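Topology and contacts: notes
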Amino acid sequence: MKVILCLWKFGSNGSFSVKNAYLLSQQSRFHCEKPVWKVLWKLKLHPRQSVFSWRILSAWLPLKSRLRFQGHDDKKCALCGNEAETEIHVFCQCPFARSIWFLSPWGLRTDTLSVDSFEEFFLWLCSSDDDWLVEVSACVLEAIWRCRNELVFQGKNPSTALILKNIASRAAEFSQILSSFGDAAQLGGENRLSEPVQDFQDNLFDACFYVDASVVDNAAGIGVSLCTVSSVLEAELTAILTALEQAWADNYQTILIKSDSKVAVEALRLGELPLAWGSFPVFKACLKFVSMFSVSFQFIKRDLNFLADYLASQARVNHVSQMSYLLGSQPPFVVDM
Ligand SMILES: [Zn+2]
């Protein structure tokens, strides 16, 4: 018996369907599905943020470079006036956008990225595997667009400090909204840092270091010594690194480091630095010491860290090039470097 098998080669399972035939006949009208769409709709973002990202990726924002009406010859970026106002320029390459990305929790230098389109930039942001950073990214994109519109339509010059504050509060707000839908475990921010603070008995350790940093205009007093830093977190980590170096030099076997930087303490406990890769070299140096002897980290409130705080301020104000540190509950003292 002869069996004839008919297959519809355009169907995924070989079966014919009217829908499939229709899509095939209308192929020229539909765009190919871009990989970025699959990435976008899987992100844990507020729907409003997903739609805004989709609008940028679909080239639907009314950027000057796209406006065609008569008499509109100005195609330059509203924020810097140097380049054509395109998606990749406004959200990534514009000096204004670059400063916001760098000062945001990302600590990102977009000028070091080799991306040619907004889609490439967006995919790069989403590849971080950190839902909190992706959330921050969405807030940064919204903030940049809002500033651009306020400047164009209201003549309002953007204030970097206000924008950063706004990004931080919106990211926290959106994280909270999403966590109320059951995604709490996936998102970072305050949730990441809200593990119960461990209690330590100081007398179980060979030494106990209180560390702190005082930062103004990139000059940091490190409770401790004067140096230049690019962020407050880097300064706090440098203070911790200085304590670790001193403990190692003094041959202590078990030490406790107390800091009022919750981010630094949690990052060192987890062995991950989630918020600012600019501080990574110092963080890595700290981790190296952590593997060499027994170190515990404890977060303490700022008012309990007043001596280290005072030393850090003094080191910065007086340009001290010596190191001061506290041992146990003894008063502070200064050691020549
Ligand atoms: Zn620009």
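Located above this text is the structure these notes cover.
Description of the structure in this document. (Residues numbered from 1 in each chain as written. Predicted model: local features only at pLDDT ≥ 70, side-chain atom pairs only at ≥ 80, totals over all residues.)

**A word on the overall build of the protein**
Counting its secondary structure elements, the protein contains 12 helices and eight strands. By the burial criterion, 34% of the 337 residues in the protein qualify as buried. For the protein, the share of sequence-separated contacts (at least 6 apart) that also reach a separation of at least 24 residues comes to 62%. (Helix = DSSP H or I, 4+ residues; strand = E, 2+ residues; numbered from the N terminus. Buried ≥ 20, exposed ≤ 12 C-beta atoms within 10 Å, placed from the backbone. Contact = placed C-beta atoms within 7 Å.)

**Considering the nonpolar core**
Residues F91, A97, F118, V136, V140, A143 and I144 are the most contacted members of the largest nonpolar core, which totals 35 residues. Among the elements of the structure, α3 (47-57), α4 (87-93), α5 (95-103), α6 (118-126), α7 (131-154) and α8 (160-183) are those that each provide at least two residues to this core. At 11 residues, α7 tops the list of elements feeding residues into this core. Apart from the residues within four sequence positions on either side, I144 is in contact with V90, F91, A97 and I100. Counting residues in each nonpolar core, the second largest holds 23 residues, with A235, A243, A267 and L273 among its members. (Core = buried A, V, L, I, M, F, W, Y, C linked by C-beta atoms within 7 Å.)

**Comments concerning unusual backbone geometry**
Leaving glycine out, the prevailing phi sign among residues is negative, and the prevailing peptide bond configuration is trans. Backbone geometry places A59, a non-glycine residue, at a positive phi of 60°. Note that A59 resides in the loop between α3 and α4. The partly exposed category is assigned to A59, around which 13 C-beta atoms lie within 10 Å.

**A closer look at the packing of helix α2 (residues 35-42) against α3**
The geometry of α2 relative to α3 is characterised by a closest axis approach of 10 Å and an angle of 165° between their N-to-C directions. Taken together, the axes of α2 and α3 are roughly antiparallel relative to one another. The two elements α2 and α3 cross, and the hand of that crossing is right-handed. When α2 is examined against α3, the residues V36, L40 and W41 are found in contact with a partner set consisting of S50, S53, W54 and L57. Grouping the amino acids of the contact of α2 with α3 by side-chain chemistry returns five nonpolar, two polar and no charged. (Axes fitted to C-alpha atoms, helices over the stretch in contact; angles between N-to-C directions. Parallel < 35°, antiparallel > 145°, perpendicular 65-115°, else oblique. Left-handed = near helix turned anticlockwise from the far one by under 90°. Nonpolar A, V, L, I, M, F, W, Y, C, P; charged D, E, K, R; others polar.)

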